[in-house]
Amino acid sequence: MKKRHFLFLLLLGVAIVMPLVCFSQVATIRLSFTSQLDHNDESEFGHRIPPKPITATIDFAYGTISTSQSIEDVESYEIWDETQSVMLYAGDDEYEFVSALSQINQNVTIALVTHSYTLTGWLNADSL
């Protein structure tokens, strides 16, 4: 009898968790770094090497973005069309940004704007 209860509880737990795992939608993109600060690119030591791209994971189920490196406070979340000529969304709330992103069914450019820099990435409609 105890085995049946244990087996039942185990199957119930799997039945509850499995749809959450199967249907959670996550997109991973690479973001490039662009400085917002004025500085002289030419120096006596030559040119700087571009910074390493940052990987961002967008979890549509939870409305969150996590990045491979810590970033300072994001002032603006932006969604642009593929050519970066038309802004489709701009806001300061991460959850609303992810929600707006999930409603778009085209290739887009996203930008996370901080005081010091902008992180830009491209998201294909197939991954939305």
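Up top is the structure.
Here's a quick rundown of the structure. (Residues numbered from 1 in each chain as written. Predicted model: local features only at pLDDT ≥ 70, side-chain atom pairs only at ≥ 80, totals over all residues. Heavy atoms only, no water.)

**What to know about helix H2 (residues 94-102)**
For the α-helix, the turn length of 3.6 residues means that residues three or four positions removed from each other point alike. Operational definition: Under the scheme applied here, a residue whose accessible area is under 20% of the maximum for its type counts as buried, over 50% as exposed, and between as partly exposed, the area being computed with a 1.4 Å probe on protein chains only. Only DSSP runs of H or I covering at least 4 residues are called helices, and only runs of E covering at least 2 are called strands; the numbering of each starts at the N terminus. The directions considered for the arc run from the helix axis to the C-beta atoms. In this analysis, two residues are considered to be in contact whenever any of their non-hydrogen atoms come within 4.5 Å of each other. We call two N or O atoms a polar contact when they sit within 3.5 Å, provided that within protein one can donate a hydrogen and the other can accept it, with sequence-adjacent residues counted only if both atoms are side-chain atoms.
Taken as a whole, H2 has its buried residues at Phe97, Val98, Ala100 and Leu101. One side of H2 holds all its buried residues, which, seen down the axis, span an arc of 160 degrees. In the core, the buried residues of H2 are packed alongside strand S2 (54-59), strand S3 (64-67), strand S4 (76-81), strand S5 (87-91), strand S6 (108-113) and strand S7 (117-123). If you check the start of H2, you find a side-chain oxygen 3.4 Å away from the backbone N of Tyr95, and it comes from Asp93.

**Let's talk about the environment of Ser99**
Mapped onto the secondary structure, Ser99 falls in helix H2. C-alpha separation for the pair Ser99 and Phe60, spaced 39 residues apart in sequence, amounts to 7.1 Å.

**Regarding the packing of aromatic side chains**
Keep this limit in mind: Note on ring pairs: Phe, Tyr and Trp rings are taken, using the six-membered ring of Trp, and paired if centres are within 6.5 Å. Classes follow the plane angle, with under 30 degrees stacked, over 60 edge-to-face and the rest tilted.
In the structure shown here, the tally under the stated rule is two aromatic pairs. Ring plane angle 45 degrees and centroid distance 6.2 Å describe the contact between Tyr89 and Phe97, whose orientation is recorded as tilted. Each member of the pair, Tyr89 as well as Phe97, is classed as buried. An aromatic cluster is present here, built from Tyr77, Tyr89 and Phe97 joined pairwise through their rings.

**Some remarks on the pairing of S4**
Stated precisely, the cut-off is as follows: Note on pairing: two strands pair once DSSP finds at least 2 bridges between them.
Within S4, five of the six residues are buried, which leaves the element mostly enclosed by the surrounding structure. Across six bridges, the pairing between S4 and S6 is antiparallel. In the sheet register, Tyr77 faces S6, and the bridge partner there is Leu112. Pairing of S4 with S5, which is carried by four bridges, proceeds in the antiparallel orientation. Its bridge partner lying in S5, Trp80 is registered against Met87.

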